[in-house]
Amino acid sequence: LPIDPFGYVTSGHPGYPKQLVATAGEVKVNLTCHIWPAKSDVTGFRIGSRSGEQFQGFYIYRHDRLLQVGGWSHTATPPPARQLARVVLEDTGAIGPFVTMNPEKSGLKFEPVFHDAINKAEAADGTTFFTFLQDAESIYTDANKRKRQRKPVIRPDKGLAPAVRKRIGSELSFID
């Protein structure tokens, strides 16, 4: 069965997916930025037995064929906190002048002018590529923060001294 690397039910961030426009000279290239929901563990986020962290980055398509599965192509570093970030580049006008096959024909490389264009890419609402990366990192770090709060308990009854019951009531909330 085909695997959709963007097949999440709801986005991990309310403002995404979002279209960023990278301008290199007279050419405008559309980048669709996606943020997966935090703590995803479904096929599409992880592919096969490999974790989703290995699939962050650019997904480059040409005529509905996938040419690159993830990787930042030297536009950004791949820390674990960015594992929710994925970008679709499906613009055939970019392939050739800005995105070329490497000499080994084992992958794609971005031309330096395209690196600059991506770093200056902006959405209609002013979101930049750097802001997109920050949004993805913040969703990941917020989901992994330890929430230090006491869980509600059953109301103590007979068998405990009234002073102890009162003290428990002042520190904990009760389950109805």
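The shown structure was predicted, so the numbers you read here are calculated from the model rather than taken from an experiment.

### Here's the deal with helix α2 (residues 129–143)
Think of an α-helix as turning once every 3.6 residues; residues three or four places apart then point the same way. Taking 1.5 Å of rise per residue, the 15 residues of α2 would be expected to cover 21 Å, and the 22 Å separating its terminal C-alpha atoms lies within 8% of that figure. Those residues of α2 that sit buried are Phe-129, Phe-132, Leu-133, Asp-135, Ala-136 and Ile-139. Buried positions in α2, seen along its axis, are confined to an arc of 160° and lie on one side of it. Considering only its buried residues, α2 is in contact with β1 (18–24), β2 (27–35), β3 (57–62), β5 (85–89) and α1 (112–119).

### Considerations on unusual backbone geometry
The omega torsion of the bond from Tyr-16 to Pro-17 falls at 5°, within 30 degrees of zero and hence cis. Within the fold, Pro-17 resides in the segment before β1. Positive phi, normally seen in glycine, also occurs at Asp-64, with a value near 60°. Within the element layout of this structure, Asp-64 appears in the loop between β3 and β4 (65–69).

Reading the values: rules and limits
- Residues numbered from 1 in each chain as written.
- Predicted model: local features only at pLDDT ≥ 70, side-chain atom pairs only at ≥ 80, totals over all residues.
- Heavy atoms only, no water.
- Helix = DSSP H or I, 4+ residues; strand = E, 2+ residues; numbered from the N terminus.
- Expected span 1.5 Å × (residues − 1).
- Buried < 20%, exposed > 50% of the residue type's maximum accessible area, 1.4 Å probe, protein only.
- Arc of directions from axis to C-beta.
- Contact = heavy atoms within 4.5 Å.

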